[in-house]
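# Chain and residue survey
Each chain is listed here by its residues.
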There are 2 protein chains.
Amino acid sequence: MIFLDGKTELNVRMHGTRACRLAKMAALKLPVPQAVVLSADDVSQIAKTGKVPALPKAVLTGLLSLRASPLNPEWGGPTAILNIGISDSTLPDVGEDAAYLLYRRFIQSYATNVAGLEAEDFDSDLPDGAARIARCKSSFELETDEAFPQDPETQLKACILHMARAWNRPSAKILRQAKGAPKDAGCALIIQHMVLGIGRGVTGAGAAQAVDDKTGEARLWGRYLPQSQGQDAIIGAREPLSIEAVPAKVQAGLRTAGERLAKGFGDAFQVEFTVQNGALWLLDASPAKRSSVAALRINVDLAEAGIITKNDAVLRTEPHALGDHLHPQIDEGAARDILAKGLSASPGAATGRVVFTPEAAMTMAAQGQAAILVRVETGADDIRGIHAASGVLTLRGGMTSHAAVIARGLGVPCIVGAGELRLDDSVLVCPDGRRLEAGAQITVDGTSGQVLAGATTMTQPNLGGPFKTLMNWADEVRDLQVRANADTPADARLAQRFGVDGIGLCRTEHMFFAPERVQVMREMILAPDAVARKASLDQLLPMQKADFVELFEIMRGQPVTIRLLDPPLHEFMPVDEAGMAALAQAMGMSVVQVARRAEELAEVNPMLGKRGVRIGITTPEIYEMQARAIFEAAAQVFAITGDAVVPEIMIPLVSANREVELIKARIEAVAAEVGSTVAYKLGVMVETPRAALRAGDLAESSAFLSFGTNDLTQMTYGLSRDDAGRFMREYVQQGVFPDDPFHSLDVEGVGELLLIAAQRGRAANPALVLGMCGEHGGDPASVRFCKVAGFDYVSCSPYRVPIARLAAAQASLLAASAK
Amino acid sequence: MIFLDGKTELNVRMHGTRACRLAKMAALKLPVPQAVVLSADDVSQIAKTGKVPALPKAVLTGLLSLRASPLNPEWGGPTAILNIGISDSTLPDVGEDAAYLLYRRFIQSYATNVAGLEAEDFDSDLPDGAARIARCKSSFELETDEAFPQDPETQLKACILHMARAWNRPSAKILRQAKGAPKDAGCALIIQHMVLGIGRGVTGAGAAQAVDDKTGEARLWGRYLPQSQGQDAIIGAREPLSIEAVPAKVQAGLRTAGERLAKGFGDAFQVEFTVQNGALWLLDASPAKRSSVAALRINVDLAEAGIITKNDAVLRTEPHALGDHLHPQIDEGAARDILAKGLSASPGAATGRVVFTPEAAMTMAAQGQAAILVRVETGADDIRGIHAASGVLTLRGGMTSHAAVIARGLGVPCIVGAGELRLDDSVLVCPDGRRLEAGAQITVDGTSGQVLAGATTMTQPNLGGPFKTLMNWADEVRDLQVRANADTPADARLAQRFGVDGIGLCRTEHMFFAPERVQVMREMILAPDAVARKASLDQLLPMQKADFVELFEIMRGQPVTIRLLDPPLHEFMPVDEAGMAALAQAMGMSVVQVARRAEELAEVNPMLGKRGVRIGITTPEIYEMQARAIFEAAAQVFAITGDAVVPEIMIPLVSANREVELIKARIEAVAAEVGSTVAYKLGVMVETPRAALRAGDLAESSAFLSFGTNDLTQMTYGLSRDDAGRFMREYVQQGVFPDDPFHSLDVEGVGELLLIAAQRGRAANPALVLGMCGEHGGDPASVRFCKVAGFDYVSCSPYRVPIARLAAAQASLLAASAK
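Residues numbered from 1 in each chain as written. Chains lettered and ligands numbered in written order. Predicted model: local features only at pLDDT ≥ 70, side-chain atom pairs only at ≥ 80, totals over all residues. Heavy atoms only, no water.

Scanning chain A from terminus to terminus reveals 30 helices and 31 strands. Its C-alpha atoms put chain A at 110 × 60 × 50 Å along the principal axes. Taken over 819 residues, chain A has a buried fraction of 57%. Counted over contacts in chain A with a minimum sequence separation of 6, partners at least 24 positions apart contribute 68%. For chain A, the computed accessible surface area is about 31,900 Å², with 51% contributed by carbon and sulfur atoms. (Helix = DSSP H or I, 4+ residues; strand = E, 2+ residues; numbered from the N terminus. Buried < 20%, exposed > 50% of the residue type's maximum accessible area, 1.4 Å probe, protein only. Contact = heavy atoms within 4.5 Å. Areas by Shrake-Rupley, 256 points an atom, 1.4 Å probe, with all protein chains shown as cover.)

Rendered as structure tokens:
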């Protein structure tokens, strides 16, 4: 049994977190009522023997509280019992009503907890007073055949024995083991003198912290409930007051406490407090409540105050939480009229009018109106619609469905897989029967996955201030490059805003979906011979070159990795009557012929079809045009800006080194033909398991290998990203997969292929540059994996760049500390 | 310079194959004209110096021939020159006309080969005689400014110098290097006394062997052309006679030669011979011509005669060639009413009624009638139709088109690319205008590529005799089990006929496509709740059980590996109006609702979708029904036959061990519920790269791993078998892939995954059984790989079982000899 005298150091395993914090608060000279602690071993002994040791006289004066103090507060424990020691002869001097209220509360608490009686046996319409106490005591005697104990020591010992036994009940053990407690976890008990929140003068209880819970700013924030005890202000029936309701002196005391606790604990803390007749007492402390935005500011402020290091601030900030800094968010207090729920695929919130086609979204955008694009699922045709929309909602698909990936990349708030909704003849039908037609106003909350009716109030993002400070600190320690997957000048500019080191993946196919280009692309695909094909490619060349010129200018000499055309050609074919008719006219074919050719191009498993380098080998003119555009653009930008552009040309979907050799020879021939003096690198996008296994061969023909972990995951699992939504949730719920492997890299399977490839590749070519350019590039755990695997860079969608930068910094710090 | 005196041993690298064979023939006391050999070194020296050494007088008598003798006859070499030494003063005594003919031939050969003149300069309408010789000589003099040489030694030396130089010409080098010759390959020359096939008495030349070229039976077979020289009987303008045309004495000589050569060379040999005035002379020998059926018989006969060992016979027989033994063939003499011709894609012939859809083929098969499935081209949807059909005919596609590959695997006679035929509104239009509607009887001859009207007489395959003898010898040395991929009792019976060790893959989904079952299956898929689903499964249970009872009975205690349901459920949905209507009625739904549900089930990449164990986990009742059917069937068969059936239950498309654990627990629960005492094994079909990498985990939950190399290849390459046809031919032609990886196992990529899995699996569970059950199980090179990798069995389609048995035996012999 240890007195908390502000000097004795406690052991957290033996005395629990609450007791240790109380001891520290006492040491910090904060007003903590006198207390003693029964160690976990003591409590375990009591539970075993059923005997409570004698208690020192010094403890047994006035009213007492008894609280559990396990190692981890999350594990739970027996309910605290307050006002122990109260009896007919020891009513405290707080006025008669208040004294009877405290007495009645104790009897109820003792009866239900210690004696195990039913709570309703002690319900009554009587007001608090002598009569009600008599009724309670007789109820107790009726149920237990014993008088309600009047001796304070008897009361306390019974409470202690009850708590010791409660902790050791099998059901309690199972519950806390489910929360991660070890089998033999013990629990200390704290016996503390009561300060009474009920009584004369300014009296009450509450919780407060010295930082704002939403913004993290230094500002007293909390709740207070006059004439209340313990948790009443937090879980009581009465509405608490704001912290401004307590006297200035108490506020000052709370501020001082906040400062001392921050220094003492190295973090912003919240306190549980009681005001007794104007005097402030602190009963417990725990880390301050904070939103993710507040958490970042708190960490930065602590570091700037010299309480923690900058590296601590970097390590403490949860990378995923940065997302909340980048997007508008729905105000916490805003009313939410929830229509349905889906998967939160891309964070942030947006209000707009429902549209059901990409064309309608573009029309809305042209009129300066916000549109929410609602689709069953999306495909390549929808990309421009997603671009134009303020938010996206799909009824099917998982976290890595087309809509989710594209929206995340664009930073457009997005909900996918909202299966409760139904599309019925261009009316969106909600589970409660509400029917939304095109034009109806809704809000998608991509952070929570909720679809709301109408508009709501929002907070806007702020990339300066503490956010910027923290990102600078992260960059100081980071040694893994972070590049962006950026296909357009808009993407590239966004990536620059988010502090990127280059472009790790420019998907050139996205450059061909613009209406004026896709028509030429289609003519190229249907060209009857090489001459006609060349004519179409000659039309595409200046467009493609202009794209690259703009990208290179924006990136100012930073690396730009350009992936040669990847998708199967049928993705470019029209699916609607109008598109087919236009193409038929341009080609001098009948619509039926065009439709037939489109059908012939269709594939059973397009993911595993004629795409990537397979197109490059069988229709080499396409890659040749792209290479020429790259060389000419780099030369032009160098001539104008003086920035030496070193383009990195990446070959997709390789499965054999011969593919690389053939494309390499053709690209070298183009360079020679153009007379290009541009230094460029040629590398491989490793997306097939075979490419990973044969990385030793590939490394001999390649300057870099970049792992396209989306496709690599698909092929390693035999699992289509587009189709996985049908069962992925169930799979993760049942624990078949620990996590969605499209979300966080599957270290055991896909990860092993990455390690094999890295090792073989570097062995064959020590100068080989290794990168990752799948969606995983923005996943903190996967970024850590890349650091451990010795990669040079990760590349992710622009909105994930800050997340990756922070995760990379953390990985560097962890790696350094592991040395 | 070496005289072939029947005693001197030659060196094949230095003197070439032809010279060595001649030397051996002389040693065998066969009638070989006298000859000398200039070694490859001599010839090389002549080419370098331009000087031909002096030739012994013994050589320079009578007429001579000069022939090239490279190491490998396939490499080619300068054309033989005959009748050297002929001149105005040395005309041979064979009658005037014949002598002038020989002389004129020599002048032409000398002029075009040695002097490099144009052949047409020596064309003439004059008959052979003095006048024509004079014209030829003056043409020679006109073009070369030199008289035609009359000195035999001058002639011979010029011929030798020409041949030595011709061999060393750059174009000749490139040509033979393309055929695999080393850079410095040399060529010996043979100078041989002529025996003249033109002249008095029974005189002529031909080729003969002592075994029939089609059947391999011991019977003199060959061709003979009176009054001819050298290759005239083989490539001459006149039609040669059958070998019976030579006198009995010559036939006897040829038979004796055949016997001695077989003993001497250890193989049946063909000879090139000349009959000079009734006397037989042998000029060359080479392995006898033989069909694959003949080759097998020759090997067996040689072994039975003690000339080679049984193991030699096993090693010498090409496994692929066994295919020709297994199928019915059209009688050689049968009348053929040819409708059209295409590519002979899968051997054997079949007569049946024309059907245009896979459904119609299945209906026909269900009625016990033979169907010929006629399609423009086939896809995945047609596989069941090809299964059900007796023959297949497609209008498009090449030797590796879908139809060709599937039909070969199934042993179904097949013609592809019959482009002369046209499909016109469900009528097959022939080039001669004949129109065949569904139900018309035709015959497809997959061996010749001919489509015939009506039925024809056929010879049935003979699996006895030499075939059976050889397979028995193979089984004596084989230690790799060969199982069959068999889904139906018919497949199983066929597999038994082909000497199988068990069933390695029973694809249970094929049991659900029968019309009366697929309807129940569809109801199960669309069941609104678990109760309705169970009702459908209760209907399927007895059907499934009956399937297994029959299979187990046929297999009589041999292992039967049953793969639980694998394909995505949408494959069972109706695609036609009638099917939808029937299903709608059964389900009390509208056709539109059924169509919508079918559409909802459709997948973007079905190969990578919700199939295999993913169905087993999310709709566990299906696998539970299947497990119950297996246990009940095994118990029933044991009760009736006393054969202890040990079913092997295989889980498809696993990617994580947790999947196996979950299914295993459910199957164990079913076994307990049924009260089954059946010993069974549970294992995994390894089809995803991840399953291969995690084989160590899987082996702890599994009794066996069976590699589904079709899917594993698809996923390792990121390449759909259904879509690869678009570029695979081009890829193999360009050498991007050395071979179609769906044909022969990709040892470097897929093979490494197999080795990794085998090593990890066995390390975790030394008793683990390893097998391969993809189509590669029937590919000899892949079977060898499995043997080297330490597998226990391969499993392939029944028609490939003999091939796999032979390949496995060869692999065992090769492994033993490598020790």
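Structure's up, so let's keep going.
This part covers a negative patch on the surface. Together, A:Glu118, A:Glu120, A:Asp123, A:Asp125 and A:Glu143 line one region of the surface with negative charge. Relative accessible area serves as the criterion here: at 52%, A:Glu120 is assigned to the exposed category. (Patch = residues over 30% accessible without salt bridge, like charges linked within 9 Å, V, L, I, M, F, W, Y side chains within 5 Å. Salt bridge = Lys/Arg side-chain N within 4 Å of Asp/Glu carboxyl O. Lys, Arg positive; Asp, Glu negative; His and termini not counted. Charge placed at Lys NZ, Arg CZ, Asp CG, Glu CD.)

Quick look at the interface of chain B and chain A now. With 50 residues of chain B at the interface, the matching set in chain A holds 50 residues. Between chain B and chain A, a total of about 4,600 Å² is buried, with carbon and sulfur atoms accounting for 52% of that surface. Contact with chain A buries area across many residues of chain B, yet B:Leu608, B:Arg690 and B:Arg726 alone supply 14% of it, more than any other trio. As a salt-bridge pair, A:Arg690 and B:Asp746 come within 2.7 Å of each other at their nearest N and O atoms. Elements with a minimum of two residues in the side of chain B that touches chain A: α19 (591-601), α20 (613-618), α22 (657-674), α23 (689-693), α25 (709-717), α26 (721-724), α27 (728-733) and α28 (750-764) of chain B. For the side of chain B that touches chain A, the per-class residue count stands at 21 nonpolar, 12 polar and 17 charged. (Buried area = accessible area lost by both parts, 1.4 Å probe. Nonpolar A, V, L, I, M, F, W, Y, C, P; charged D, E, K, R; others polar.)

On to the nonpolar core. One finds A:Phe552, A:Phe791, B:Phe552 and B:Phe791 to be the most contacted residues of the largest nonpolar core, which totals 268 residues. Not counting residues within four places of it along the chain, the set of residues in contact with A:Phe791 comprises A:Leu480, A:Phe707, A:Leu754, A:Ala758, A:Leu770, A:Gly771, A:Met772 and A:Cys786. A:Val52, A:Ile86, A:Val94 and A:Leu101 belong to the second-largest nonpolar core, a separate cluster that totals 51 residues. (Core = buried A, V, L, I, M, F, W, Y, C linked by side-chain atoms within 4.5 Å.)

A separate point is the side chain of A:Asp267. All names here are of chain A. With respect to the helices and strands, the residue Asp-267 is situated in the loop between α8 (248-265) and β9 (269-276). Assessed through its relative accessible area of 15%, Asp-267 is described here as buried. Filtering out sequence-adjacent residues up to four positions away, Asp-267 remains in contact with Leu-261, Ala-262, Pro-287, Arg-290, Ile-298, Leu-302 and Arg-316.

Residue and element names in this part refer to chain A. Within the sequence span of helix α20 (residues 591-601), burial applies to Val-594, Ala-598 and Leu-601. Along the axis of α20, the buried residues cluster in a sector spanning 60°; they form a single face. Turned more than 90 degrees from where α20 packs its buried face, Val-592 and Glu-599 sit exposed. Packing partners of the buried residues in α20 comprise α17 (515-526) and α19 (577-587). (Arc of directions from axis to C-beta.)

Further remarks concern the sheet that holds strand β18 (residues 422-423) of chain B. Reading across from one edge, β18-β19-β20 (chain B) is the order of the 3 strands in this open sheet, with antiparallel pairing throughout. A strand with exactly one partner marks an edge of an open sheet, and here the two such strands are β18 and β20 (435-437) of chain B. (Pairing = 2+ DSSP bridges.)

With that settled, consider the pairing of strand β25 (residues 503-507) of chain A. Along any regular strand the residues' side chains alternate between the sheet's two faces. Residue and element names in this part refer to chain A. Along β25, 5 of the 5 residues are buried, which leaves the element largely enclosed by surrounding structure. Judged from the 2 bridges that link them, strand β24 (residues 481-485) and β25 form a sheet pairing that is parallel. Residue pairing for β25: Ala-484 is matched across the bridge by Ile-503. Regarding topology, helix α16 (residues 489-497) serves as the crossover connection from β24 to the parallel β25, and that connection is right-handed. Of the pairings in the sheet, the one linking β25 to strand β26 (residues 560-563) comprises 3 bridges and is parallel in character. Along β26, the bridge assignment pairs Arg-507 with Arg-563. (Right-handed = clockwise from strand over helix to strand, strands pointing away.)

Attention now moves to the side chain of A:Arg21. Within the fold, A:Arg21 resides in helix α1 (residues 12-27). Not counting chain neighbours up to four residues away, the residues in contact with A:Arg21 comprise A:Phe265, A:Phe269, A:Ala285, A:Ser286 and A:Pro287.

Considering all chains together, one arrives at 29 aromatic pairs over all chains under this definition. On the numbers, 6.1 Å between centres and 5° between planes, the contact of A:Tyr224 with A:Phe273 is stacked. A residue pair is termed long-range when its members are at least 10 positions apart, and A:Tyr224 in strand β7 (residues 218-226) and A:Phe273 in strand β9 qualify at 49 residues. Taken as a pair, A:Tyr224 and A:Phe273 share a single burial class, namely buried. Note on B:Tyr110 and B:Phe148: the rings are 5.3 Å apart at their centroids and 75° apart in plane angle, and the pair reads as edge-to-face. Of this pair, B:Tyr110 sits in helix α3 (residues 96-114) while B:Phe148 is found in the loop between α4 (130-144) and α5 (152-167), placing the two residues 38 residues apart along the sequence. B:Phe148 shares its class with B:Tyr110; the two are buried. Cluster of aromatic residues (ring-pair linked, three or more members): A:Phe106, A:Tyr110, A:Phe140 and A:Phe148. Taking NZ or CZ as reference, A:Arg483 lies 3.9 Å from the ring centre of A:Tyr793, over its face. (Phe/Tyr/Trp six-rings, centres within 6.5 Å; stacked < 30°, edge-to-face > 60°. Lys NZ or Arg CZ within 6 Å of the ring centre and 35° of its normal.)

So, on to the sheet that holds strand β26 (residues 560-563) of chain B. Residue and element names in this part refer to chain B. Strand order in the closed barrel made by the 8 strands is β24-β25-β26-β27-β28-β29-β30-β31, with parallel pairing throughout. Strand-to-strand twist in this sheet, taken as the mean axis angle between neighbours without regard to direction, amounts to 25°. Strand contacts of helix α17 (residues 530-555): β25 (503-507), β26 and β27 (647-651), with the helix running at about 155° to β26, the strand carrying the most contacts. (Axes fitted to C-alpha atoms, helices over the stretch in contact; angles between N-to-C directions.)

What follows is about the confidence of the model for chain A. In this model, chain A carries a mean pLDDT of 92, and residues with pLDDT of at least 70 account for 99%. Predicted complex, confidence summary: ipTM 0.82, pTM 0.83. (pLDDT = per-residue confidence, 0-100.)

Packed helix pairs are specified by the crossing angle of their axes together with the interaxial distance, meaning the distance between the axes. Residues and elements named next belong to chain A. As a packed pair, helix α9 (residues 292-304) and helix α15 (residues 465-477) sit with axes 9 Å apart at the nearest point and diverge in direction by 65°. For the element pair α9 / α15, the angle class is roughly perpendicular. α15 is crossed by α9, and the crossing has left-handed handedness. Across from Leu-296, Arg-297, Val-300, Ala-303 and Glu-304 in α9, the residues of α15 making contact are Pro-466, Phe-467, Thr-469, Leu-470 and Trp-473. When its residues are assigned to classes, the contact of α9 with α15 shows 7 nonpolar, 1 polar and 2 charged. (Parallel < 35°, antiparallel > 145°, perpendicular 65-115°, else oblique. Left-handed = near helix turned anticlockwise from the far one by under 90°.)

Our focus in this paragraph is the relation of the copies chain B and chain A. With an axial shift of 1.0 Å and an RMSD of 2.2 Å, the rotation relating chain B to chain A amounts to 179°. Between the two chains, the operation in question is that of a two-fold axis. Identified as the residue of chain B closest to the rotation axis by C-alpha distance is B:Asn605, at 2.1 Å. Of the interface residues in chain B, 98% have counterparts in chain A that sit at the interface too, so the contact is made through matching surfaces. (Least-squares fit on C-alpha atoms with pLDDT ≥ 70 in both.)

This part takes up the environment of A:Glu603. In this structure, A:Glu603 sits in the loop between α20 and α21 (613-618). Setting aside residues up to four positions removed in sequence, A:Glu603 forms contacts with A:Pro568, A:His570, A:Gly609, A:Lys610, B:Asp723 and B:Arg726. Engagement of the side chain of A:Glu603 in a polar contact is seen with the side chain of A:His570, the distance being 2.9 Å. Side-chain polar atoms of A:Glu603 contact the backbone nitrogen of A:Lys610, separated by 2.7 Å. (Polar contact = N/O pair within 3.5 Å; in protein donor to acceptor, adjacent residues only side chain to side chain.)

What follows covers the pattern of salt bridges. All names here are of chain A. Taken as a whole and judged by the stated rule, the model has 90 salt bridges over all chains. As a salt-bridge pair, Glu-775 and Arg-408 come within 3.2 Å of each other at their nearest N and O atoms. Highlighted residues: Glu-775 in the loop between β30 (769-772) and α29 (780-788) and Arg-408 in helix α14 (residues 402-410), separated in sequence by 367 residues. Each of Glu-509, Arg-563, Asp-566, Arg-611, Glu-687 and Asp-711 takes part in a single network of salt bridges with overlapping partners.

What follows deals with the environment of B:Ser242. Residue and element names in this part refer to chain B. With respect to the helices and strands, Ser-242 occurs in strand β8 (residues 241-242). With relative accessibility at 35%, the residue Ser-242 sits in the partly exposed group. Ser-242 sits 18 residues away from Tyr-224 along the chain, and the two C-alpha atoms are 6.1 Å apart. In contact with Ser-242, not counting residues within four places along its chain, are Gly-222 and Tyr-224. Polar contacts involving the side chain of Ser-242 include one to the side chain of Glu-244, which spans 2.5 Å.

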